[in-house]
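Here's the letter readout for the chains.
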Amino acid sequence: GLGDLALRFEETKARLAAEGLFDPARRRPLPPRPATVAVVTSLSGAVLQDVRRVLERRWPVTRLLVSACRVQGDGAAETIVAALDRLARYGEACRAAGDPDDAPAVVIVARGGGSLEDLWSFNDERVVRAVAAHPVPVVTGVGHETDVTLVDFAADLRAPTPSAAAELVVPDRAEVVAGIAVRRRRLDAAAAGELGALARRVAAEQRALEGLRPESRLAASRERVGYLLDRATGAGVGRLAGWRRVAERAAEG
């Protein structure tokens, strides 16, 4: 029963961990804004609709690609492996055809909650190896928060629920729009400051150029000549008056 399953779980976990499949250094970062997100799950459950709603709310420009599989019962593990393999081959074909945006940038492996027996397909060694070997990052959202499966250790990121997995693979458009608005205001302020500085430089150069124009230089010379003539006239009048006073005193003596 449950004791046998728990023992198998720990034995398989220890063996795969010894091979390095669960090494944190193997985990890859998720793409910041994936053009295509793939989901490996059942078509009949509520998980697919939950993931779709989250993606449409947070980042509606993302394309959703579904690779269907069984998520419970005999033969489910084989269908999960096949679904991952289909996505790997599809992505390779898209990149070879020059359509990289159509290839999945990240894959969600998802299933709703259940008992240990219900989730056992995600503890299957074949599924764990397929997740670890997948060519693009894999996020698992299997079960509820307290459920842990072996694929969680092999995945690049574990989410507590399928909906949480969908939230982790795409950005929030509201945050992105707000960030763009902040950067736009900063850019506008920087552009205004740069334009103001350029305008001041142009005005200074214009004043300097006007000073070099012949008519401007002639006007400045006339003004200076007039100033010097006034000073000379004043000095001459002052000297003449002084001589006159000296002559008058000599005549009186």
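Residues numbered from 1 in each chain as written. Predicted model: local features only at pLDDT ≥ 70, side-chain atom pairs only at ≥ 80, totals over all residues. Heavy atoms only, no water.

Enquirer: Mind showing me how you'd approach helix α6 (residues 162–169) here?
Expert: An α-helical turn contains 3.6 residues, so a residue and the one three or four places further along point in the same direction. The set of residues buried in α6 consists of P162, A164, A165, A166 and V169. Check the buried side of α6 and you find it contacts β1 (36–41), α2 (47–58), β3 (106–111) and β4 (138–142). (Buried < 20%, exposed > 50% of the residue type's maximum accessible area, 1.4 Å probe, protein only. Helix = DSSP H or I, 4+ residues; strand = E, 2+ residues; numbered from the N terminus. Contact = heavy atoms within 4.5 Å.)

Enquirer: Please clarify how the sheet that holds strand β2 (residues 63–68) should be interpreted in this entry.
Expert: Two orientations exist for strands paired in a sheet by backbone hydrogen bonds: parallel and antiparallel. In space, the five strands of this open sheet follow the order β2-β1-β3-β4-β5, with parallel pairing throughout. Strands at the two margins of the open sheet, each flanked by one partner only, are β2 and β5 (157–158). Across the sheet, helix α3 (residues 76–96) touches β1, β2 and β3, and the angle it forms with β2 is around 140°. (Pairing = 2+ DSSP bridges. Axes fitted to C-alpha atoms, helices over the stretch in contact; angles between N-to-C directions.)

Enquirer: Mind showing me how you'd approach the side chain of S121 here?
Expert: Examined against the element boundaries, S121 turns out to sit in the loop between β3 and α4 (125–133). Given a relative accessible area of 9%, S121 falls into the buried group.

Enquirer: Is there a simple way to think about the side chain of D152 in this case?
Expert: Tracing the backbone shows D152 in helix α5 (residues 150–154). At 2.9 Å, the side chain of D152 forms a polar contact with the backbone nitrogen of T149. Among residues more than four places away in sequence, those in contact with D152 are T140, D147 and R158. (Polar contact = N/O pair within 3.5 Å; in protein donor to acceptor, adjacent residues only side chain to side chain.)

Enquirer: In this structure, what is going on with a positive patch on the surface? I would like to understand it.
Expert: Taken together, the side chains of R33, R183, R185 and R186 present a region of like positive charge at the surface. On the secondary structure map, R186 appears in helix α7 (residues 173–211). Relative accessible area serves as the criterion here: at 60%, R186 is assigned to the exposed category. (Patch = residues over 30% accessible without salt bridge, like charges linked within 9 Å, V, L, I, M, F, W, Y side chains within 5 Å. Areas by Shrake-Rupley, 256 points an atom, 1.4 Å probe, with all protein chains shown as cover. Salt bridge = Lys/Arg side-chain N within 4 Å of Asp/Glu carboxyl O. Lys, Arg positive; Asp, Glu negative; His and termini not counted. Charge placed at Lys NZ, Arg CZ, Asp CG, Glu CD.)

Enquirer: What am I meant to see in the nonpolar core here?
Expert: Among soluble globular proteins, nonpolar side chains are generally buried collectively. Counting 32 residues, the largest nonpolar core has V40, L84, V107, V128 and V131 as the members making the most contacts within it. Put simply, the parts of the chain that give this core at least two residues each are α1 (2–18), β1, α3, β3, α4, β4 and α5. For V40, the contacting residues outside a window of four places in its chain are S67, C69, I80, A83, L84, L87, V107, I108, V109 and A110. (Core = buried A, V, L, I, M, F, W, Y, C linked by side-chain atoms within 4.5 Å.)

Enquirer: In this structure, what is going on with the pairing of β3? I would like to understand it.
Expert: The side chains of a regular strand alternate between both faces of the sheet. The element β3 is extensively covered by neighbouring structure, given that six of its six residues are classed as buried. The alternating pattern of β3 places V106, I108 and A110 and V107, V109 and R111 on opposite faces, both of which are buried. Strand direction decides the pairing type here: β1 and β3, joined by four bridges, are parallel. Within β3, the residue paired with A38 across the bridge is V107. Here five bridges tie β3 to β4, and the two strands are oriented parallel to one another. Its bridge partner being in β4, V109 is matched across the sheet by T140.

Enquirer: Quick question: what am I supposed to make of the pattern of salt bridges here?
Expert: Close approach of charged atoms lets side chains of opposite charge pair. One pass over the structure, following the stated rule, counts 10 salt bridges. Residues R15 and E125 are paired through a salt bridge, measuring 2.9 Å at the closest nitrogen-oxygen approach. Of this pair, R15 sits in helix α1 while E125 sits in helix α4, and the two are 110 residues apart along the sequence. Under the relative-accessibility criterion, R15 is labelled partly exposed at 39%. Among the residues examined, E125 registers a relative accessible area of 25% and is labelled partly exposed. R126 serves as the salt-bridge partner of D124, at 2.9 Å between the closest nitrogen and oxygen. For D124, a relative accessible area of 18% translates into the label buried. Each member of the salt-bridge network shares a partner with another, and the members are R15, E19, E125 and R129.

Enquirer: Which parts of the structure should I look at to understand the packing of α2 against α6?
Expert: Two packed helices can be described by the angle between their axes and the distance between those axes. Where α2 meets α6, the axes come as close as 9 Å, and the angle between the chain directions of the two elements is 30°. One element, α2, and the other, α6, form an angle in the roughly parallel class. Crossing handedness for the pair α2 and α6: right-handed. Packed against α2, whose contacting residues are V47, D50, V51, V54, L55, R57 and R58, the element α6 presents P162, S163, A166, E167 and V169 at the interface. Of the residues contributing to the contact of α2 with α6, the split by class is seven nonpolar, one polar and four charged. (Parallel < 35°, antiparallel > 145°, perpendicular 65-115°, else oblique. Left-handed = near helix turned anticlockwise from the far one by under 90°. Nonpolar A, V, L, I, M, F, W, Y, C, P; charged D, E, K, R; others polar.)

Enquirer: Just to check I follow, could you spell out the packing of α3 against α4 for this structure?
Expert: Packing of α3 against α4 brings their axes to within 9 Å, and their N-to-C directions diverge by 15°. With respect to α4, the axis of α3 lies roughly parallel. Considering how the two elements wind past one another, α3 and α4 form a crossing that is left-handed. Contacts from A77, E78, I80, V81 and L84 in α3 reach R126, V127, A130 and V131 in α4. Its residues assigned to classes, the contact of α3 with α4 shows seven nonpolar, no polar and two charged.

Purely geometric numbers; function is a separate question.
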